[in-house]
Amino acid sequence: MITKYKLQTDVHGVHDITEEVKKAVAKTHVVSGLCCVYIPHTTAAVTVFSGDDPLGFQDINDEIKKLVPVRTDFHHQCDGMTDAAGHIKSSLLGVSMTFIIDNGQLVLGRAQRIYFFEFDGPRDREFIVKVIEG
């Protein structure tokens, strides 16, 4: 089963999507299987990070900005815009993650949360959750 979620992002925002992914898994009634979270955008990404500190994810976002700052001298300039940095950041983090489902629950560590990263917002975005039984 595929579930699509809409998301309105802000400029270079980070969004905790853990609860939406858990709900998508629960909706399927799959007891054992896999859950894939996919971001169909080239300037956004998904990752797992600690949720213990509500601002902890900001550290990874700040460091990614330092690692790949927005510049105008990239070879790739899509549609005359300077979104090459967003494309690189998305490629570094990745656009999909796979999780285990056991006893009908998404398997995450105690502090793990799933985050959607926006590198070229604000935009109307979506993410897709695919649950596979087995």
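Residues numbered from 1 in each chain as written. Predicted model: local features only at pLDDT ≥ 70, side-chain atom pairs only at ≥ 80, totals over all residues. Heavy atoms only, no water.

Asks: Where do I start with the pattern of salt bridges in this structure?
Replies: Charged atoms that come close allow side chains of opposite charge to pair. Using the criterion set out here, one finds eight salt bridges in the structure. Where Arg 110 meets Asp 52, a salt bridge forms, and the shortest distance between an N and an O atom there is 2.8 Å. With Arg 110 in the loop between strand 6 (105-106) and strand 7 (112-118) and Asp 52 in the loop between strand 4 (44-50) and helix 2 (56-67), this residue pair connects regions lying 58 residues apart in the sequence. For Arg 110, a relative accessible area of 72% puts it in the exposed group. Sharing partners across several salt bridges, the network here consists of Asp 16, Glu 19, Lys 22 and Arg 113. (Salt bridge = Lys/Arg side-chain N within 4 Å of Asp/Glu carboxyl O. Helix = DSSP H or I, 4+ residues; strand = E, 2+ residues; numbered from the N terminus. Buried < 20%, exposed > 50% of the residue type's maximum accessible area, 1.4 Å probe, protein only.)

Asks: I tried to follow the side chain of Lys 89 on my own but got confused; where do I start?
Replies: In this fold, Lys 89 is placed in helix 3 (residues 84-93). Despite its burial, Lys 89 pairs with no opposite charge; the closest candidate is Asp 120, at 8.8 Å N-O. If we ignore the near neighbours within four places in the chain, the residues touching Lys 89 are Ile 64, Lys 65, Val 68 and Phe 119. (Lys, Arg positive; Asp, Glu negative; His and termini not counted. Contact = heavy atoms within 4.5 Å.)

Asks: Quick question: what am I supposed to make of the sheet that holds strand 7 here?
Replies: Strands belonging to one sheet form pairs held by backbone hydrogen bonds; the direction of such a pair is parallel or antiparallel. Spatially, 2-7-4 is the arrangement adopted by the three strands of the open sheet, whose pairing is antiparallel. What marks the edges here is a single partner per strand, and that holds for strand 2 (14-16) and strand 4. Along the sheet, successive strands turn relative to each other by an average axial angle of 30°, direction set aside. Note that strand 4 and strand 7 share seven bridges and pair antiparallel. From the neighbouring strand, Phe 49 faces strand 7, where its bridge partner is Arg 113. Lying on the sheet, helix 3 is in contact with strand 4 and strand 7; it crosses strand 4 at an angle near 45°. (Pairing = 2+ DSSP bridges. Axes fitted to C-alpha atoms, helices over the stretch in contact; angles between N-to-C directions.)

Asks: So what exactly am I meant to see when it comes to the nonpolar core here?
Replies: The nonpolar side chains of soluble globular proteins are, as a tendency, buried together. Of all hydrophobic cores here, the largest spans 21 residues; its most connected members are Ile 17, Val 21, Cys 35, Val 37, Ile 114, Phe 127 and Val 129. Mapped onto this core, the elements with two or more residues apiece are strand 1 (2-8), helix 1 (18-28), strand 3 (33-38), strand 4, strand 5 (96-102), strand 7 and strand 8 (124-133). Those residues in contact with Ile 114 that sit more than four places away from it in its chain are His 15, Asp 16, Ile 17, Thr 18, Val 21, Val 46, Thr 47, Val 48, Phe 99, Leu 106 and Leu 108. Formed by eight residues, the second largest nonpolar core is a distinct cluster that contains Val 14, Ala 45, Ile 60 and Tyr 115. (Core = buried A, V, L, I, M, F, W, Y, C linked by side-chain atoms within 4.5 Å.)

Asks: Where do I start with the packing of aromatic side chains in this structure?
Replies: Each aromatic ring pair is specified by the distance between its two centres and by the angle formed by the two planes. Considering all chains together, one arrives at three aromatic pairs under this definition. Site record: aromatic cluster; members linked through ring pairs are Tyr 5, Phe 116 and Phe 127. (Phe/Tyr/Trp six-rings, centres within 6.5 Å; stacked < 30°, edge-to-face > 60°.)

Asks: What am I meant to see in the pairing of strand 7 here?
Replies: On any regular strand, side chains alternate: one points to one face of the sheet, the next to the other face. Counting buried positions along strand 7 yields five of seven residues, so the element is predominantly enclosed. Two elements, strand 2 and strand 7, share three bridges in a ladder whose sense is antiparallel. Along strand 7, the bridge assignment pairs Val 14 with Phe 117.

Any functional reading would require information that these geometric values do not contain.
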